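Structural overview for review
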Amino acid sequence: MNKSKWYKIARQRGENDGLDAFPRTDWMKADECIDLALRTLRGIEAGDPEIMDLCRDPLSGEWAGESLKEIFGRVPSEQTMTNYEIGYRDGFFAALASCAKGELTRWGKANLS
């Protein structure tokens, strides 16, 4: 596989994990949902550690089935691992931001994002 394919694979995985990382809001009041969404979007933009730490290191090996050999089928080059990590993070934060924007839209506050 070429490097761009690893980026795409990682981005999809990051998007899936990003969707799971945004808290369920069906039990929250409107103002709580809006505050959470705004904190999330502003935190992504500002690089707030509280928000950035939601994204785990995709190649840490802390999760079962995630050794480098299991992911890549071989020991990858540094560039391949870099592309994978960038793709994962891009997908994760894109999905997280999409969830936050969806909450603002749901409560008629899309203009705040």
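About the criteria used
- Residues numbered from 1 in each chain as written.
- Predicted model: local features only at pLDDT ≥ 70, side-chain atom pairs only at ≥ 80, totals over all residues.
- Heavy atoms only, no water.
- Phe/Tyr/Trp six-rings, centres within 6.5 Å; stacked < 30°, edge-to-face > 60°.
- Buried < 20%, exposed > 50% of the residue type's maximum accessible area, 1.4 Å probe, protein only.
- Salt bridge = Lys/Arg side-chain N within 4 Å of Asp/Glu carboxyl O.
- Helix = DSSP H or I, 4+ residues; strand = E, 2+ residues; numbered from the N terminus.
- Contact = heavy atoms within 4.5 Å.

1. Details of the packing of aromatic side chains
- On inspection of all chains with the given rule, the structure shows 3 aromatic pairs.
- Taking the centre distance of 5.1 Å and the plane angle of 80° together, the rings of Phe-92 and Phe-93 count as edge-to-face. Grouping residues by exposure puts Phe-92 and Phe-93 together as buried.
- These aromatic residues form a ring-pair network of at least three members: Tyr-88, Phe-92 and Phe-93.

2. A short note on the pattern of salt bridges
- This structure, assessed with the given rule, holds 4 salt bridges.
- Between Asp-17 and Arg-56 there is a salt bridge; the shortest N-O distance is 3.5 Å. Here the residue Asp-17 occupies a position in helix α1 (residues 3–21), and Arg-56 occupies one in the loop between α3 (49–52) and α4 (68–72), the gap between them amounting to 39 residues.
- Arg-39 is paired through a salt bridge with Asp-35; the nearest N and O atoms lie 3.0 Å apart.

3. Considering the environment of Leu-104
- Relative to the helices and strands, Leu-104 resides in helix α5 (residues 78–106).
- Of the residues examined, Leu-104 reaches a relative accessible area of 0% and is grouped as buried.
- Linking Leu-104 and Ser-4, residues 100 residues apart in sequence, is a C-alpha distance of 33 Å.
- Sequence-distant contacts of Leu-104, defined by excluding residues within four places in its chain, comprise Ile-34, Ala-37, Leu-38, Leu-41, Lys-109, Ala-110 and Ser-113.

Read these as geometric descriptors, not functional statements.
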